[in-house]
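Listed here are the chains, written in short residue letters.
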Amino acid sequence: MTRWLEPEQQRAWRAYVRMQGELNAHLSRQMTVDSDISMADFAVLVELTDAPEERVRVLELARSLHWEKSRISHHVGRMEKRGLVARQGCTSDGRGSYVVLTPQGRAAIEAAAPRHAETVHDLVFDLLSPEEVESLRSISEKIFTRLTTGECAAVVARCDADEAVEVVPQECGGAEA
């Protein structure tokens with residue numbers, strides 16, 4: 001039997017979906033206006049700056065960003081052409097590679113991050129009380145835990161099990177491996 005949303009739940013869900021879409025669109029537009037990188041570039045660069053040695057295996061980068069293998073392959077290829085990242089072979093696994101932050105990528109995120117943080121403050125945190133910030137954190141962590149454990153995590157693991165992710169140079173036109 002279908003559990004339909006109650007009227008209050010439906011209003012809350014629709015408000016969340018509208019807010020999320022509009023917030024993401026605004027952050028993306030603002031990032032483009034304020035810097036020479038996209039939000040997708042920013043997401044990759046954040047992952048790299050947070051990683052030890054500022055490098056991440058391609059498969060792990062795809063998983064952490066929740067991107068399909070073709071998207072990560074093409075996007076990293078474009079970033080590499082712009083000098084933001086480089087690829088580095090993995091000596092322990094000849095099939096795998098790392099995405100590595102370059103000095104130009106470091107400069108790009110350092111230039112973009114302050115304005116991005118100010119935009120997030122302006123659009124979100126300046127509107128919320130400390131209690132609302134705590135509620136936002138608590139709700140987000142609760143939902144995140146649900147999505148990353150148990151049955152939800154098993155679905156992700158099954159999807160990832162058959163798909164090796166690798167970066168392929170765009171100019172070769174070959175299939176991703």
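All values derive from a computational prediction rather than experimental measurement.

Caption draft 1: Layout of helix α6 (residues 130-148). With 19 residues, α6 extends 27 Å between its outermost C-alpha atoms, agreeing within 8% with the 27 Å of an ideal straight helix rising 1.5 Å per residue. Looking one or two residues beyond α6, the residue adopting positive phi is Gly150, at roughly 60 degrees.

Caption draft 2: Geometry of the packing of aromatic side chains. One pass over the full model with this rule turns up 1 aromatic pair. For the ring pair Trp13 and Tyr16, a centre distance of 5.4 Å and an interplane angle of 35 degrees mean the geometry is tilted. Of this pair, Trp13 and Tyr16 both sit in helix α1 (residues 7-34), separated by 3 residues, roughly a single helical turn. Of the residues examined, Tyr16 reaches a relative accessible area of 37% and is grouped as partly exposed. Over the ring of Tyr98 we find Arg55; its NZ or CZ atom is 3.9 Å from the centre of that ring. We note Arg57 situated over the ring of Tyr98; from NZ or CZ to the ring centre the distance is 5.7 Å.

Caption draft 3: Geometry of the pattern of salt bridges. All chains considered together, the criterion is met by 11 salt bridges. Residue Arg137 pairs with Glu141 through a salt bridge whose shortest N-O separation is 2.3 Å. Residue Arg137 and its partner Glu141 are both found in helix α6; the two are separated by 4 residues, about one turn of the helix.

Caption draft 4: Molecular detail of the confidence of the model for the chain. Looking at the chain as a whole, its pLDDT mean stands at 87, while 85% of the residues score no less than 70. Note that residues 164-177 has pLDDT below 50 and, in this model, 35 contacts with residues that lie over four places away or in other chains.

Caption draft 5: Region of interest: the packing of helix α2 (residues 39-50) against helix α3 (residues 58-65). Following both chains from N to C, one finds α2 and α3 inclined at 120 degrees, their axes separated by 11 Å at the closest point. The pairing of α2 with α3 is recorded here as oblique in orientation. Viewed along their axes, α2 and α3 form a crossing whose handedness is right-handed. Contact with α2, carried on its side by Ala43, Val44 and Glu47, involves Leu61, Ser64 and Leu65 of α3 and no other residues of that element. Classifying every residue of the contact of α2 with α3 by side-chain character gives 4 nonpolar, 1 polar and 1 charged.

Conventions we followed
- Residue positions are given per chain, counting from 1 as you read along its sequence in written order.
- Selection of residues for local features in this predicted model requires a pLDDT of at least 70, selection of side-chain atom pairs for listing and counting requires 80 or more, and totals for whole chains, interfaces and linings are taken over all residues.
- Hydrogens and water are ignored here; the side-chain numbers use all heavy atoms of the structure.
- Secondary structure elements are taken from DSSP: a helix is a run of H or I of four residues or more, a strand is a run of E of two residues or more, and numbering for both begins at the N terminus.
- Residue count minus one, scaled by 1.5 Å, sets the expected span of a helix.
- By convention, a stacked pair of Phe, Tyr or Trp rings (six-membered ring in the case of Trp) has centres within 6.5 Å and planes under 30 degrees apart, an edge-to-face pair has planes over 60 apart, and any other such pair is tilted.
- Each residue's exposure class comes from its accessible area (1.4 Å probe, protein chains only) as a fraction of the maximum for that residue type: buried when under 20%, exposed when over 50%, partly exposed otherwise.
- By definition here, charges over rings are those cases where NZ of Lys or CZ of Arg is within 6 Å of the ring centre and within 35 degrees of the ring normal.
- One side-chain nitrogen of Lys or Arg within 4 Å of one carboxyl oxygen of Asp or Glu is enough to make a salt bridge.
- Every residue carries a pLDDT, the predictor's confidence in it, which falls somewhere between 0 and 100.
- Contacts were defined at the residue level, with two residues in contact if any of their heavy atoms lie within 4.5 Å.
- A fitted line through C-alpha atoms serves as each axis, taken over the contacting stretch for helices, and the angle formed by two N-to-C directions is quoted from 0 to 180°.
- Reported orientations rely on four angle classes, namely roughly parallel under 35 degrees, roughly antiparallel over 145, roughly perpendicular from 65 to 115, and oblique for the rest.
- Helix crossings are classified by the rotation of the near helix relative to the far one: an anticlockwise turn of less than a right angle makes the crossing left-handed, while a clockwise turn makes it right-handed.
- Asp, Glu, Lys and Arg are counted as charged, while Ala, Val, Leu, Ile, Met, Phe, Trp, Tyr, Cys and Pro are counted as nonpolar; the rest, among them Gly, fall into the polar class.

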